[in-house]
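Results of the structural survey
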Amino acid sequence: MKFWLSRPDVRRLPAAFQASTAEAEVTARFLGTSSVLLSDGHTAVLSDGFVTRPGLARVALGRIAPDRRVVEQARRRLGTPPIAAVVCVHSHYDHALDAPVWASLTGAELVGSESTANVGRGLGVPERSLRVVGDGDTLSYGGFGLTFVESVHSPGDHYPGTVDAPLIPPRRSREWRTGAVYSVFVSHARGTVLLHASAGFRPGALHGRRADVVYLGVGTLGRQPLGYVEAYWDEVVRATGAHRVVLVHWDDFFVALDKPLRPLPYLADDLDLTVRRLSALARRDDVEVVLPVAWQPADPFAAR
């Protein structure tokens, strides 16, 4: 029996945890929510980098700001990787809050929409380190190539709109507005990863593009009808021919990262239902579905 304030037990979900590995040409480290660090040892690309994770009461009733100390601790825990780009898939606070701090600490470019650039300007990121991209744009960083395809946020976007001026924190969480939403293809000689953090899609937008692995956002997917879930899978996973799906944006991002990751309560989402539905689609299409483990390096392209 499900109680609205209870939550799924990830250990009982029908999806394996992604195996960790210390040696791989390309490694991926999951930092909770949709933050993923991809590195080949020479160059690293970070999506979002949201690690401050303010609590629910502060997000709902107060003002929030990035915690530079927490970002610095996360960077040290990762071994001070050579981050060349911090990419925001959209500009909500759970994606863009800490990104300017990562850019400032590492000298990386802050990449995303004009809204993301205004989040960066609010924290003093210089113009030379801001890169605004549009649909179809490509960028190169070391051995990585990034291609941006405009997408849409998942149903029920609470903070639609754009950030039209430098956003200087602390501010209300709703002021980190969506801006443009991107699916990001990250290509390397080893293979191609698709970072698709929001459970929304533009029909046909990804057709003709290939990926080996999809980091698939599943936030609020447990509250959508089955037909929507099937269409989402077909438009993102099946369309790109991916053979592995790594689930992201499933954890309770109001809980600090020094505690074990746990799903959101049933009141907010139903990860049990989401995983059951996606597992059925994965069996149909011979796709592996896995859950990432926070902080641990994994080979996204490892053989099944």
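Throughout this document, residue positions are counted from 1 along each chain, in the order its sequence is written. Where totals are concerned, whole chains, interfaces and linings use all residues; where local detail is concerned, this predicted model gives features only for residues with pLDDT of at least 70, and gives and counts side-chain atom pairs only at 80 or more. As a rule here, side-chain values cover all heavy atoms of the structure and leave hydrogens and water aside.

**Describing the pattern of salt bridges**
Which entries qualify depends on this criterion: Criterion for a salt bridge: a side-chain nitrogen of Lys or Arg within 4 Å of a carboxyl oxygen of Asp or Glu. In DSSP terms, a helix is any run of H or I states spanning at least four residues, a strand is any run of E spanning at least two, and both are numbered starting from the N terminus. Burial classes follow relative accessibility: with a 1.4 Å probe on protein chains only, a residue under 20% of its type's maximum area counts as buried, one over 50% as exposed, and anything between as partly exposed.
For the coordinates displayed, the defined rule picks out 20 salt bridges. The partner of Arg262 in a salt bridge is Asp252, with the nearest N and O atoms 3.8 Å apart. Here Arg262 is found in the loop between β13 (244-248) and α7 (271-285), whereas its partner Asp252 is found in the loop between β13 and α7, with ten residues between them in sequence. With a relative accessible area of 6%, Asp252 lands in the buried category. One continuous salt-bridge network, built from bridges that share partners, spans Asp234, Arg238, Arg284 and Asp285.

**Some points on the UniProt feature "domain: Metallo-beta-lactamase" (unreviewed entry) in the protein chain**
Applied cut-off: UniProt positions are given in the numbering used here, feature names are shortened, and annotations may be inferred rather than shown by experiment.
Summarizing the sequence annotation, UniProt attributes the feature "domain: Metallo-beta-lactamase" (unreviewed entry) to residues 68-250 in the numbering used throughout. As annotated, residues 68-250 has a helix share of 25% and a strand share of 26%, and its two end C-alpha atoms lie 24 Å apart.

**With respect to the packing of aromatic side chains**
The following threshold applies: Here the aromatic set is Phe, Tyr and Trp, taking the six-membered ring for Trp, and pairing holds for ring centres within 6.5 Å; pairs whose planes are under 30 degrees apart are stacked, those over 60 apart are edge-to-face, and all others are tilted.
A full pass over the atoms with the stated rule returns eight aromatic pairs. Ring centres of Phe201 and Tyr228 lie 5.5 Å apart, and the angle between their planes is 45°; on these two criteria the pair is classed as tilted. Here the residue Phe201 occupies a position in the loop between β11 (191-196) and β12 (213-217), and Tyr228 occupies one in helix α6 (residues 226-240), the gap between them amounting to 27 residues. Seen in terms of ring centroids, Phe253 and Phe254 are 4.8 Å apart; in terms of plane orientation they differ by 45°. Their pairing is tilted. A relative accessible area of 12% means that Phe253 is categorised as buried. Through successive ring pairs, a cluster of aromatic residues spans Phe50, Tyr93, Phe253 and Phe254.

**Here we look at the packing of α6 against α7**
As a reminder of what qualifies: In this analysis an axis means a line fitted to C-alpha atoms, helices contributing only their contacting stretch, and an angle means the value between N-to-C directions, from 0 to 180 degrees. Geometric relationships in this document are graded by angle, where less than 35 degrees denotes roughly parallel, more than 145 denotes roughly antiparallel, 65 to 115 denotes roughly perpendicular, and other angles denote oblique. Whether a crossing is left-handed or right-handed is set by the direction in which the near helix is turned from the far one by less than a right angle, anticlockwise for left-handed and clockwise for right-handed. The contact definition used throughout considers only heavy atoms, calling two residues in contact when any of these lie within 4.5 Å. Polar here means any residue outside two lists: the nonpolar Ala, Val, Leu, Ile, Met, Phe, Trp, Tyr, Cys and Pro, and the charged Asp, Glu, Lys and Arg; Gly therefore counts as polar.
Interhelical geometry of α6 versus α7 gives an angle of 45° and a closest axis separation of 11 Å. Taken together, α6 and α7 sit at an angle that is classed as oblique. Here α6 runs over α7; the crossing is right-handed. The segment α6 lies against α7, with Leu226, Val229, Glu230, Trp233, Asp234 and Arg238 engaging Arg277, Leu278, Leu281, Ala282, Arg284 and Asp285. In terms of residue class, the contact of α6 with α7 is made up of six nonpolar, no polar and six charged.

**Notes on the environment of Ser183**
Summarising the element assignment, Ser183 is placed in strand β10 (residues 181-188). Assessed through its relative accessible area of 1%, Ser183 is described here as buried. The spacing of Ser183 and Phe148 is 35 residues in sequence and 5.9 Å in space, taken between C-alpha atoms. In this structure Ser183 touches Thr147, Phe148, Val149, Ser151, Leu194, Leu195, His196 and Leu206, once residues within four positions along its chain are discounted.

**Details of the pairing of strand β2 (residues 27-30)**
To be explicit about the condition: Pairing between strands requires that DSSP locate at least two bridges from one strand to the other.
Sheet topology note: the β2/strand β3 (residues 36-39) ladder contains four bridges and is antiparallel. Counterpart to Thr27 in the pairing with β3 is Ser39. Where β2 folds back onto β3 in an antiparallel hairpin, the turn is made up of five residues, including Gly32, whose phi is positive at roughly 85°.

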